[in-house]
Amino acid sequence: IMMLKLDFLPLSWLLGTWESDEPGEGTFPTIKPFRYTEKLHFSHVGQPVINFTFNAFHAESNKPLHRECGFIRIQPGTNKVAFIIAQNSGLVEIEEGELTGNQLKLQSQSLGRISFAKEPHVQQIGRVLQLRPDGKLEQTVSMATDNQPLTQHLYITYSRSS
Ligand code: HEM
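Residues numbered from 1 in each chain as written. Predicted model: local features only at pLDDT ≥ 70, side-chain atom pairs only at ≥ 80, totals over all residues. Heavy atoms only, no water.

Peer 1: Would you take a moment to explain the overall build of the chain for this structure?
Peer 2: When you go through the chain residue by residue, the secondary structure sums to zero helices and 11 strands. Ordered by position from the N terminus, the helices and strands of the chain form the series β-β-β-β-β-β-β-β-β-β-β. Relative to the globule expectation of 15 Å for 162 residues, the C-alpha radius of gyration of the chain, 16 Å, shows essentially globular dimensions. Summarising its shape, the C-alpha atoms of the chain cover approximately 55 × 30 × 25 Å along the three principal directions. Looking at the chain residue by residue over its 162 residues, the buried ones come to 39%. Nonlocal contacts in the chain, meaning residues at least 24 apart in sequence, comprise 38% of its contacts between residues at least 6 apart. Total accessible area computed for the chain in this model is approximately 9000 Å², and 55% of it derives from carbon and sulfur atoms. Each charge sign in the chain was given a centre, from 15 positive and 16 negative side chains, and these centres are 3 Å apart. (Helix = DSSP H or I, 4+ residues; strand = E, 2+ residues; numbered from the N terminus. Rg over C-alpha atoms; globule rule 2.2 N^0.38 Å. Buried < 20%, exposed > 50% of the residue type's maximum accessible area, 1.4 Å probe, protein only. Contact = heavy atoms within 4.5 Å. Areas by Shrake-Rupley, 256 points an atom, 1.4 Å probe, with all protein chains shown as cover. Lys, Arg positive; Asp, Glu negative; His and termini not counted. Charge placed at Lys NZ, Arg CZ, Asp CG, Glu CD.)

See below:
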């Protein structure tokens, strides 16, 4: 008999595919505000781990832009959550935080980047993912760079598409 150890069950509300219903808002003190669309996919293969991909596109041209993929783990028996993330910009990160109800609050614990990553370099990331009472998923991302304190970069909501 195969025993499934689905430690991620408290996060099972994430599983499936989500698509932004209206464009997300990108901001930062040093850039021109922009709008983007994004598709999220969360799945599992029977391991106590969630696999995910986030694919973002320019809202008007549909051009692929930012992409992230990785894994989510929960420390068994706790509400402590870890995201292990690779980004197409050349950044890799560990984010950790806690699940409270349907809200996941994460902060970067370690960041690594390719030697020729674009400047300014990200120094800290904060992320909140929550399932809202209306069934939508909401994500907010803040970041600190070499020359800016922790400030919001992204706000977006998604509807479940499958
Ligand atoms: C700019 C990081 C997600 C679109 C930037 C900058 C950084 C950054 C460091 C440069 C800021 C500056 O010049 O002062 C990140 C991180 C992300 C993320 C760490 C995820 C955790 C996204 C997503 C999109 C996006 C999902 C959606 C399309 C942009 C755009 C700019 C930008 C359009 C301005 C133009 C450019 O520098 O390419 N981001 N970003 N970013 N980001 Fe993000």
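On we go from here.
Peer 1: What is the right way to read the pattern of salt bridges from this model?
Peer 2: A pair can form between side chains of opposite charge whenever their charged atoms are brought close. Tallying each qualifying case throughout the model produces nine salt bridges. One salt bridge connects Glu-68 with Arg-127, and the closest N-O pair in it is separated by 3.0 Å. Of the two residues, Glu-68 is situated in strand β5 (residues 64-74) and Arg-127 in strand β9 (residues 122-131); the sequence distance between them amounts to 59 residues. Note that Arg-132 is salt-bridged to Glu-138, the shortest N-O span being 3.1 Å. Taking relative accessible area as the criterion, Glu-138 reaches 12% and is therefore assigned buried. Salt bridges here are not isolated pairs; linked through shared partners, they connect Glu-68, Glu-93, Glu-95 and Arg-127. (Salt bridge = Lys/Arg side-chain N within 4 Å of Asp/Glu carboxyl O.)

Peer 1: I'm lost on the coordination of the iron atom of the ligand in this one. Help?
Peer 2: Note on metal geometry: ideal angles are 109.5 degrees for four donors arranged tetrahedrally and 90 or 180 degrees for six donors arranged octahedrally. Looking at the protein side alone, the iron atom of the ligand has one donor only, His-153 (NE2), at 2.2 Å. If you trace the backbone, His-153 turns up in strand β11 (residues 148-160). (Donors = N, O, S within 2.8 Å, 3.2 Å for Na, K, Ca; no water.)

Peer 1: I tried to follow the layout of surface pockets on my own but got confused; where do I start?
Peer 2: Left-over empty space is what a probe sized like a water molecule reveals as it rolls over the atoms. Each pocket or cavity is described by its volume, and for the largest pocket that value is around 1100 Å³. What lines the largest pocket is a set of 34 residues, among which His-66, Ser-89, Val-122, Met-143 and His-153 lie closest to the centre. Secondary-structure elements contributing two or more residues to the lining of the largest pocket are β3 (34-43), β4 (50-58), β5, β7 (91-100), β9, β10 (137-145) and β11. Tallied by class, residues from the lining of the largest pocket come to 15 nonpolar, 11 polar and eight charged. (1 Å grid on protein atoms, 1.4 Å probe; cavity = no way out; pocket = protein on both sides within 12 Å on 5 of 7 lines; lining within 4 Å. Points joined across faces, edges and corners; volume = space filled by probe spheres on them. Nonpolar A, V, L, I, M, F, W, Y, C, P; charged D, E, K, R; others polar.)

Peer 1: Explain the packing of aromatic side chains to me, please; I cannot follow it from the model alone.
Peer 2: Working definition: an aromatic ring pair is given by the centre-to-centre distance plus the angle between the planes. If you walk through the whole model with that rule in mind, you get five aromatic pairs. Ring plane angle 45° and centroid distance 5.9 Å describe the contact between Phe-34 and Tyr-36, whose orientation is recorded as tilted. In this structure Phe-34 comes out as partly exposed when scored by relative accessible area, which is 28%. Here Phe-42 and Phe-52 contribute two aromatic rings whose centre-to-centre distance is 6.2 Å and whose plane-to-plane angle is 40°, an arrangement assigned as tilted. (Phe/Tyr/Trp six-rings, centres within 6.5 Å; stacked < 30°, edge-to-face > 60°.)

Function-wise, these values are silent; they only describe arrangement.
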